Amino acid sequence: VADELVKKVIAERLKEDPNGKHDEKNIRRRVYDALNVLMAMDIISKEKKEITWKGLPTAAKQDMEAMQKEIEFRRYQIESKKEALRD
């Protein structure tokens, strides 16, 4: 799986900068770092070359929902203030 991710990252970077230098070793290391973090957080599990999505921890889902509500509230405030300024 990591090999597939590395290939995708390199392909995307080549699209962005065809003449650029891309350190495959470094990219591979970062992909493994990211996968290890996700496994440590129990977001994914890995058996041999099979990676399974387990989902976000409950607290993270709640935090994300709270942040989305906060964003909606802030947008509402901005719109209200824009309307007040127009009047």
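Note: the structure precedes this text.
An account of the accompanying structure is given in this report. (Residues numbered from 1 in each chain as written. Predicted model: local features only at pLDDT ≥ 70, side-chain atom pairs only at ≥ 80, totals over all residues. Heavy atoms only, no water.)

**With respect to the pattern of salt bridges**
In total, this model carries seven salt bridges according to the counting rule given. Residues Glu24 and Arg28 are paired through a salt bridge, measuring 2.9 Å at the closest nitrogen-oxygen approach. Here Arg28 and Glu24 lie together in helix H2 (residues 24-40), a separation of four residues that amounts to about one turn. Taking relative accessible area as the criterion, Glu24 reaches 40% and is therefore assigned partly exposed. For Arg30, the salt bridge is made with Asp33, and the minimal N-O distance between the two is 2.6 Å. Of this pair, Arg30 and Asp33 both sit in helix H2, separated by three residues, roughly a single helical turn. When its relative accessible area of 36% is taken as the criterion, Asp33 is described as partly exposed. A network of salt bridges, in which partner residues are shared, links Asp3, Glu24 and Arg28. (Salt bridge = Lys/Arg side-chain N within 4 Å of Asp/Glu carboxyl O. Helix = DSSP H or I, 4+ residues; strand = E, 2+ residues; numbered from the N terminus. Buried < 20%, exposed > 50% of the residue type's maximum accessible area, 1.4 Å probe, protein only.)

**Brief notes about the nonpolar core**
Membership of the largest hydrophobic core is limited to eight residues, which are Ala2, Val6, Ile10, Ile27, Val31, Leu35, Ile43 and Ile44. Leu35 has contacts with Ala2, Leu5, Ile44 and Ile51, leaving out every residue within four places of it along the chain. (Core = buried A, V, L, I, M, F, W, Y, C linked by side-chain atoms within 4.5 Å. Contact = heavy atoms within 4.5 Å.)

**Here's the deal with the pairing of strand E2 (residues 50-53)**
As judged from the four bridges shared by strand E1 (residues 44-47) and E2, these two strands associate in the antiparallel manner. Residue pairing for E2: Ser45 is matched across the bridge by Thr52. In this structure, the hairpin formed by E1 and E2 is closed by a connection of two residues, where Lys48 is found at a positive phi of approximately 55°. (Pairing = 2+ DSSP bridges.)

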